[in-house]
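A structural walkthrough
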Amino acid sequence: MRNKVVLGGVFCLVFSFFFSCKESKQREIERLMKEWYGKELLFPKEFVATVMGDSCVIYSDSDYVKTFWKIVSYADSIGCASCDLNLLEWKDFMEMADSVTHQNISFFFYFAPRNETEIISALRLDNFDIPVFLDDEHKFNEINRLPDNQLFRTFLLNKENEIVLIGNPTHGMEKLYLKVLNER
């Protein structure tokens, strides 16, 4: 019961967070929250991740249930990879989220770049040593049918992989994410 009250409060916070946006932007956020809130995000089976293009990590279903919280981010058609991905901001945010949740959070990054070499270079440049999935076949997007707007392809999931928040914490939603993570 308490979780439903907290999640309902979060839902209201998201609307107030974007209240100052243009009407069309506010409607898009409203529509996306209604459409995605509580929806289960699916993960491709036996997906292989890479650490800066050097080593491989194989994930199975059990890897997606190790922690209570999960943040999943999907990016495709990368132009300026290091600019668009905000890898340094992600590293900072991940440290804060780990601290707030006492390491009870996992991060899953799916990248579907036009140029795999470019993304690996960006990962190395920013020393982003977190395993990432290079999804050149767009499987993650295919099984979840993600929103078209890149800003809404990052999700906070609970233990059951249900969406609690939608939006990228490195694009102005950091405080909201940390507030939700801190309430559990």
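Report follows, based on the coordinates. All of these numbers come straight from a predicted model, not from anything done at the bench.

1. Description of the overall build of the protein
Across its full length, the protein carries seven helices and seven strands. In the protein, the order of α-helices and β-strands from amino to carboxyl end is α-α-β-β-β-α-α-β-α-β-α-β-β-α. Buried positions account for 48% of the 184 residues belonging to the protein. Sequence-distant contacts in the protein: of pairs separated by 6 or more residues, those separated by 24 or more amount to 71%. Total accessible area on the protein is roughly 9600 Å²; 52% of this is exposed by carbon and sulfur atoms.

2. Some thoughts on helix H5 (residues 116-125)
Those residues of H5 lying buried are Ile119, Ile120, Ala122 and Leu123. One side of H5 carries all its buried residues, which in axial view fall inside an arc of 160°. Exposed side of H5, more than 90 degrees from the buried face: Thr117 and Leu125 are the residues found there. Where H5 begins, the side chain of asparagine 115 points an oxygen toward the backbone nitrogen of threonine 117, at a separation of 2.9 Å. Count one or two residues on from H5 and you reach asparagine 127, which has phi positive near 50°.

3. Observations regarding a negative patch on the surface
There is a patch of like negative charges on the surface, built from Glu89, Asp92, Glu95 and Glu174. Looking at which element gives the most residues to the negative patch, the answer is helix H4 (residues 87-101), with three residues. One can find glutamate 174 in helix H7 (residues 174-182). On the accessibility criterion, glutamate 174 (31% relative accessible area) is partly exposed.

4. Some words on the pattern of salt bridges
Under the counting rule described, the total for this entry stands at six salt bridges. Taking the shortest distance from any N to any O, the salt bridge between glutamate 35 and arginine 31 comes out at 3.3 Å. Of this pair, glutamate 35 and arginine 31 are both found in helix H2 (residues 23-36), four residues apart, which corresponds to roughly one turn of the helix. A relative accessible area of 44% places glutamate 35 in the partly exposed class. Relative accessible area serves as the criterion here: at 45%, arginine 31 is assigned to the partly exposed category. In this structure, glutamate 183 engages lysine 179 in a salt bridge whose closest nitrogen and oxygen atoms are separated by 3.0 Å.

5. Focus: the sheet that holds strand S7 (residues 163-166)
Sheet architecture is open: seven strands sit in the order S2-S1-S5-S4-S3-S6-S7, paired in mixed fashion. The strands lining the two open edges of the sheet, one partner per strand, are strand S2 (55-58) and S7. The mean angle between the axes of side-by-side strands here comes to 30°, regardless of whether they run parallel or antiparallel. Two strands pair when backbone bridges link them, and strand S3 (residues 69-76) and strand S6 (residues 154-157) are joined in this way by four bridges, in the antiparallel orientation. By the bridge assignment, valine 72 is partnered in S6 with phenylalanine 155. The strands touched by H4 within the sheet are S3, strand S4 (105-112) and S6, with S4 carrying the most contacts at an inclination of about 160°.

6. Remarks on H4
For H4, spanning 15 residues, the distance from its first C-alpha to its last is 21 Å, which sits close to the expected 21 Å at 1.5 Å a residue. Among all positions in H4, only Leu87, Trp90, Phe93, Met94, Ala97 and Thr101 are buried. Buried residues of H4, viewed axially, fall in a sector of 110°; they line one side. Exposed residues lying more than 90 degrees from the buried face of H4 are Glu95 and Ser99. In the stretch just after H4, histidine 102 is the one whose phi turns positive, near 55°.

Rules used in this analysis
Residues numbered from 1 in each chain as written. Predicted model: local features only at pLDDT ≥ 70, side-chain atom pairs only at ≥ 80, totals over all residues. Heavy atoms only, no water. Helix = DSSP H or I, 4+ residues; strand = E, 2+ residues; numbered from the N terminus. Buried < 20%, exposed > 50% of the residue type's maximum accessible area, 1.4 Å probe, protein only. Contact = heavy atoms within 4.5 Å. Areas by Shrake-Rupley, 256 points an atom, 1.4 Å probe, with all protein chains shown as cover. Arc of directions from axis to C-beta. Polar contact = N/O pair within 3.5 Å; in protein donor to acceptor, adjacent residues only side chain to side chain. Patch = residues over 30% accessible without salt bridge, like charges linked within 9 Å, V, L, I, M, F, W, Y side chains within 5 Å. Salt bridge = Lys/Arg side-chain N within 4 Å of Asp/Glu carboxyl O. Lys, Arg positive; Asp, Glu negative; His and termini not counted. Charge placed at Lys NZ, Arg CZ, Asp CG, Glu CD. Pairing = 2+ DSSP bridges. Axes fitted to C-alpha atoms, helices over the stretch in contact; angles between N-to-C directions. Expected span 1.5 Å × (residues − 1).

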